[in-house]
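Residue strings, one per chain:
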Amino acid sequence: MNLVIVESPAKAKTINKYLGKDYHVLASFGHVRDLPAKDGSVLPDKDFSMTYAVDDDSKKHISAIAKAVKGSDKLILATDPDREGEAISWHVLEALRESKSLPKNIEVERVVFNEITKSAILDAMKHPRAIDMDLVNAQQARRALDYLVGFTLSPVLWRKLPGSKSAGRVQSVALRLICDRDEEIEKFISQEYWDIKAQMANTAGTAFRAKLSRWQGKKLEKFDIANEAQAKEITAALQSKTYQVVSIDPKQSRRHPYPPFTTSTLQQDASRKLGFSAKKTMQLAQKLYEGFDIGGETTGLITYMRTDGVTVSQDAITAARSLISGKYGNNYMPAAPRIYKVKQKNAQEAHEAIRPTDVTRTPDKLEAVLDRDMLRLYELIWKRMMASQMESALFDQMAVDIESSDKQATFHATGSVMRFDGFLTLYQESKDDDEEDEESKALPPLTMGESLAVKEVLPEQHFTEPPPRFTEASLVKKLEELSIGRPSTYASIISVLQERSYVTLDKKRFIAEARGRIVNAFLVSFFRRYVEFDFTAQLEDQLDDISAGKIDWKAVLHDWWKHFILTVDETKKLTNPQVLEAVDALLEPYIYRNFAKGTDPRACPNCGNGRLGLKTGKFGAFLGCSNYPECNYTKELAGANDDGAPAEGGTNEPVILGTDPKTGMEVIMKKGPYGIYVQLGNEKKPKRASLPKNIPPSEVTLEKALSLLSLPREIGTHPETGKMIVASTGRFGPYLLHDGKYTSLKAEDDLLTIGINRAVTVIAEKKVSGNAGATALRVVGTHPDGGEIALYSGRYGPYVKYGKINASLPRDADVNTYTLEEAIELIAGKSASGGKSGGRFGKKKTAAKASAKAPSKAKAPAKPSAKKKKAAAK
């Protein structure tokens, strides 16, 4: 019997069918070992000895593999065909060796395949090889670097800037890109400029538009016409002149198709065309890769989706060309196949591009198999692959110069006409921030010396605009251009930045939050080398050299660590006020941007003689008065939208709503770490009440604020129990309290006005429905052990239910795309921990096994608090 190990159970089931009865295929369920989230997992002073551990979720999978391997003749490691997949194969093998579960004489092979089709799997089995330790060591180096940054830099960040979450090797560089772009926008000064266009007509009367390009013998640059007065003066002079054609430059141009998708280009185009996040794109692509039942046989629909390669197999090219000829005609098929080459110098191993496994499986044939989003993504991949082998588009272009009879003015006009659409009949790549393409319009027939009539001369005012904020697509593109990180990690990098509240998406564009700006300023001030784009790209090049066997992985780590730890030690010596002073100075244009011109932005508006400066507290940074505690004025560091105003729902300054007639104290509305709230007075411990989500800050009056401050409110006694029903609000929103039990109020219910009849009804509805009668959002699938797995929405968020096991989904999970494999893994983790770990708030417990023993005196990174270990590891 031959034992085959793959990563996911879906693949295991499919591949077992392909290989037959002589093979037994098991899943590792992804990574089986990792560096435990604690000190000492990587020991720089012991030649970077790394201690790995099998986490609780993976123990039963390793046990199943260990049990199966004992009776096998051969162990075939068939994990994914990239560095991470290579490392997983090595970790499986090492885990079996350490547990003494690997038979001495068993033959061990490594096979890779780029698609899950029967022919690809059978061919891979004919070409086994050994584990590539260069790829494994490149992955080990990457993991060590990420761990050491997390467990060395993050604790310094926490101590110097309380309220900060974490710093990451690549995550911090991506954050800098977003912060730098925000800073460019804030510093941008718009400049006025004008251009002049003329509406002209040829002798046949056909109109077209031309732009003034020369005036009084001088070529006009962008800012040469600087104001309205100058534009009007030139316009008046142009209207009385006569014009004729003095130059015609016709030519043909070709637009060539794009290569098939890589991971990065797929993420970019799916974002632009379909509105998908990078994370969603990768989740859907994973499902398409693992396959669906097509005609009674499970088969993968696309090739492996984590790739930098643009090459395509000869069989796929031949199939595409044949389909193009039959479906579109021979004129749409170039004479020779198109061969693409990778342009990036640091592209990974020579994998194929992302393409359909069978191009004859057109999107319309899968409408009954795939859901809407998966079908849209498959169609995008199919069209891109087909277009990559089609003929170029052909355009007739013409440039014309038109001169006044006194030679004082020259207008220029361009036009373009598509003569043959070629690949554009099937696919057009979208772009961010498209500008109007004036050349896309055709010009009428014109001849040399032809006199032209001027219908109208039109001066147009313009203003320069700041660079646009990053979208997901443009951020991914920039990261790839700078060789920062790997395309396969971009989705997780973007997710982490959002989860840490460092950035937010507003109208599909990233804006750095105050917390993100402060963390970035700290890193730029004290760890500039490690957030420099060139340095990060050079480190990626070194990791690529490791994977190619050109340099030793530990030599790279030693060189990096000796500089990094010196910077950490120097920063530790700084006092918190020194750090805050540096960050405050760097962020001065951002922090004080919303103060009125002509005023001193640092003057305390409360006491008059104090100075405002950056302070830190449990919940992050804020502005505080230098006269504290005598003056307790504070100001929230609010986020900014495109015009630099406070973000919607935010409030930079406390809003005084009026005076409480009973106490004579001011009633104030403020913004805190948990949202907007109202407060009575400015005592040391003032009474406060959170603003319910259904009450916009703009609608809060003195009367409404006093009603919130009077909570909890007694509504009346329940007619059946005789016990009081109370309305109030808490962490999870407005609720009713009756007989010791809580019932959440619905969005349409106002806790300030709800009466006894409605309150009794709400409590009764909760009693009838309960959790037991909850309706599933959808059925995820059938568990391998039998029984249905369904997805529900609960008070604390979405969860999956299997039998008596309920497991909360992770915070970043998408209920619409959560897969059966992910649900099985989540349930397995919950089951193994007795229902006490995993899910949204759970933590994994690990049983560590050292790969190299280290004496107790070995120097290790500084020890962070227990609560922050997980965050640092990420």
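Whatever comes next refers back to the structure up there.
Let me sum up the structure you'll find in this document.

What counts, and at which threshold
- Residues numbered from 1 in each chain as written.
- Predicted model: local features only at pLDDT ≥ 70, side-chain atom pairs only at ≥ 80, totals over all residues.
- Heavy atoms only, no water.
- Helix = DSSP H or I, 4+ residues; strand = E, 2+ residues; numbered from the N terminus.
- Contact = heavy atoms within 4.5 Å.
- Areas by Shrake-Rupley, 256 points an atom, 1.4 Å probe, with all protein chains shown as cover.
- Pairing = 2+ DSSP bridges.
- Right-handed = clockwise from strand over helix to strand, strands pointing away.
- Axes fitted to C-alpha atoms, helices over the stretch in contact; angles between N-to-C directions.
- Parallel < 35°, antiparallel > 145°, perpendicular 65-115°, else oblique.
- Nonpolar A, V, L, I, M, F, W, Y, C, P; charged D, E, K, R; others polar.
- Left-handed = near helix turned anticlockwise from the far one by under 90°.
- Core = buried A, V, L, I, M, F, W, Y, C linked by side-chain atoms within 4.5 Å.
- Buried < 20%, exposed > 50% of the residue type's maximum accessible area, 1.4 Å probe, protein only.
- Arc of directions from axis to C-beta.
- Polar contact = N/O pair within 3.5 Å; in protein donor to acceptor, adjacent residues only side chain to side chain.
- Phe/Tyr/Trp six-rings, centres within 6.5 Å; stacked < 30°, edge-to-face > 60°.
- Expected span 1.5 Å × (residues − 1).

As for the overall build of the protein chain
Here is step 1: The secondary structure content of the protein chain amounts to 22 helices and 34 strands.
Here is step 2: Of the contacts formed within the protein chain by residues at least 6 apart in sequence, a portion of 67% connects residues at least 24 apart.
Here is step 3: Accessible area of the protein chain: about 42,400 Å², with a carbon and sulfur share of 49%.

Brief notes about the pairing of strand S6 (residues 74-77)
Here is step 1: By the bridge criterion, 4 bridges tie strand S1 (residues 2-6) to S6 in an arrangement that is parallel. Bridged to Asn-2 within S6 is Lys-74.
Here is step 2: Both S6 and strand S7 (residues 107-110) contribute to a ladder of 4 bridges, which runs parallel. Bridging from a neighbouring strand, Ile-76 pairs with Glu-109 of S7.
Here is step 3: Considered for its hand, the β-α-β crossover made up of S6, helix H3 (residues 83-98) and S7 is right-handed.

What to know about the packing of helix H1 (residues 9-19) against helix H4 (residues 118-125)
Here is step 1: Packing of H1 against H4 brings their axes to within 10 Å, and their N-to-C directions diverge by 75°. Taken together, H1 and H4 sit at an angle that is classed as roughly perpendicular. Here Ile-15, Tyr-18 and Leu-19 of H1 come into contact with H4, specifically with Lys-118, Ile-121, Leu-122 and Met-125.
Here is step 2: Class assignment of the residues belonging to the contact of H1 with H4 gives a composition of 6 nonpolar, no polar and 1 charged.

Focus: the packing of helix H8 (residues 263-274) against helix H11 (residues 372-388)
For any two helices packed against each other, one specifies the inter-axial angle together with the distance between the axes.
Here is step 1: Put simply, H8 and H11 touch, their axes get as near as 11 Å, and they point 120° apart. In terms of axis orientation, H8 runs oblique to H11. The two elements H8 and H11 meet at a crossing, and its hand is right-handed. Contacts between H8 and H11 pair Thr-265, Leu-266, Asp-269, Ala-270, Lys-273 and Leu-274 from the former with Arg-376, Leu-377, Leu-380, Ile-381 and Arg-384 from the latter.
Here is step 2: Partitioned by chemical class, the residues of the contact of H8 with H11 number 6 nonpolar, 1 polar and 4 charged.

Observations regarding the sheet that holds strand S27 (residues 724-730)
Sheet strands pair via backbone hydrogen bonds, and the direction of the pair is either parallel or antiparallel.
Here is step 1: Pairing is antiparallel across the open sheet formed by 4 strands, whose spatial order is S26-S27-S28-S29. Lying at the two open borders of the sheet, with one neighbouring strand each, are strand S26 (713-717) and strand S29 (741-744). On average, each strand axis in the sheet is tilted by 30° relative to the strand beside it, whichever way the strands run.
Here is step 2: As defined by bridge partners, S26 adjoins S27 across 4 bridges and the pair is classed as antiparallel. Bridging from a neighbouring strand, Glu-714 pairs with Val-726 of S27.

Some words on the nonpolar core
Here is step 1: In terms of nonpolar packing, the biggest core is built from 177 residues, with Leu-75, Leu-377, Phe-522, Trp-560 and Val-800 touching the most fellow members.
Here is step 2: Ranked by the residues each element gives to this core, the list is headed by helix H5 (residues 133-160), at 12 residues.
Here is step 3: Here Leu-75 is in contact with Leu-3, Ile-5, Val-69, Leu-93, Leu-96, Leu-102, Ile-106, Glu-107, Val-108 and Glu-109, once residues within four sequence places are set aside.
Here is step 4: In this structure, Val-667, Ile-725, Leu-745 and Ile-754 belong to the second largest nonpolar core, which totals 25 residues.

Section: the sheet that holds strand S21 (residues 634-636)
Here is step 1: Here 3 strands make up an open sheet; going across it, the order is S19-S20-S21 and the pairing antiparallel. Strand pairing shows two members of the sheet lacking a second neighbour, strand S19 (612-617) and S21, which therefore form its edges. For this sheet, the mean inter-axis angle between neighbouring strands, taken without regard to orientation, is 40°.
Here is step 2: Looking at chain direction, S19 and strand S20 (residues 620-625) are connected through 6 bridges and run antiparallel. Along S20, the bridge assignment pairs Lys-615 with Phe-622.

Some points on helix H19 (residues 702-709)
Here is step 1: Every buried residue belonging to H19 is among Ala-705, Leu-708 and Leu-709, and all of these are buried. When H19 is viewed along its axis, its buried side chains cluster within an angular range of 100° and face the same direction.

Details of the pairing of strand S30 (residues 778-782)
Here is step 1: As judged from the 4 bridges shared by S30 and strand S31 (residues 788-794), these two strands associate in the antiparallel manner. Residue pairing across strands places Val-779 opposite Ala-790, the latter belonging to S31.
Here is step 2: Linking two consecutive strands that pair antiparallel, namely S30 and S31, is a turn of 5 residues; a positive phi of about 95° is found at Gly-786 within it.

Points about the environment of Glu-460
Here is step 1: One can find Glu-460 in strand S16 (residues 451-463).
Here is step 2: The class for Glu-460 is partly exposed, based on a relative accessible area of 23%.
Here is step 3: For the pair formed by Glu-460 and Trp-194, sequence separation is 266 residues and the distance between their alpha carbons is 5.5 Å.
Here is step 4: Here Glu-460 is in contact with Tyr-193, Trp-194, Asp-195, Lys-197 and Arg-209, once residues within four sequence places are set aside.
Here is step 5: Engagement of the side chain of Glu-460 in a polar contact is seen with the side chain of Arg-209, the distance being 3.5 Å.

Notes on the environment of Lys-59
Here is step 1: Tracing the backbone through its elements, the reader meets Lys-59 in helix H2 (residues 56-69).
Here is step 2: By relative accessible area, which is 35% here, Lys-59 ends up partly exposed.
Here is step 3: Residues Lys-59 and Arg-33, 26 residues apart in the sequence, show an inter-C-alpha distance of 9.5 Å.
Here is step 4: There is a polar contact of 3.3 Å between the side chain of Lys-59 and the side chain of Asp-56.

Details of the side chain of Asp-373
Here is step 1: Note on placement: Asp-373 falls in helix H11.
Here is step 2: Reaching out from Asp-373, the side chain makes a polar contact with the side chain of Lys-280 at a distance of 2.7 Å.
Here is step 3: Not counting the four nearest positions on each side in its chain, Asp-373 is found in contact with Phe-276, Lys-280 and Leu-284.

Observations regarding the packing of aromatic side chains
Here is step 1: Applying the stated criterion across every chain yields a total of 21 aromatic pairs.
Here is step 2: Taken together, a centroid distance of 6.1 Å and an interplanar angle of 80° make the contact between Tyr-52 and Trp-90 edge-to-face. With Tyr-52 in strand S5 (residues 49-55) and Trp-90 in helix H3, the pair connects residues that are 38 residues apart, well separated along the chain. In terms of burial, Tyr-52 and Trp-90 fall into one category: buried.
Here is step 3: Considering the side-chain rings of Tyr-258 and Phe-423, the 6.2 Å spacing of their centres and the 90° angle between planes classify their relative orientation as edge-to-face. A residue pair is termed long-range when its members are at least 10 positions apart, and Tyr-258 in the loop between strand S11 (243-255) and H8 and Phe-423 in the loop between strand S15 (409-420) and S16 qualify at 165 residues.
Here is step 4: The class of Tyr-258 is partly exposed, set by a relative accessible area of 23%.
Here is step 5: Taken together, the aromatic side chains of Phe-522, Phe-526, Phe-527, Tyr-530, Phe-535, Trp-560, Trp-561 and Phe-564 make up a single cluster linked through ring pairs.

Considerations on helix H7 (residues 228-239)
Here is step 1: Here H7 spans 17 Å end to end across 12 residues, near enough to the 16 Å set by a 1.5 Å rise per residue.
Here is step 2: What H7 keeps buried is the set Ala-231, Ile-234, Thr-235 and Leu-238. Take H7 and look down its axis: the buried residues cluster within an arc of 105°, on one side only. Facing away from the buried side of H7 by more than 90 degrees, the exposed set consists of Ala-229, Lys-232 and Glu-233.
Here is step 3: Contacts from the buried residues of H7 go to strand S8 (192-201), strand S9 (207-215), S11, S15 and S16.
Here is step 4: Between a side-chain oxygen at the N-terminus of H7 and the backbone nitrogen of Ala-229 the separation is 3.3 Å; the capping residue is Asn-227.

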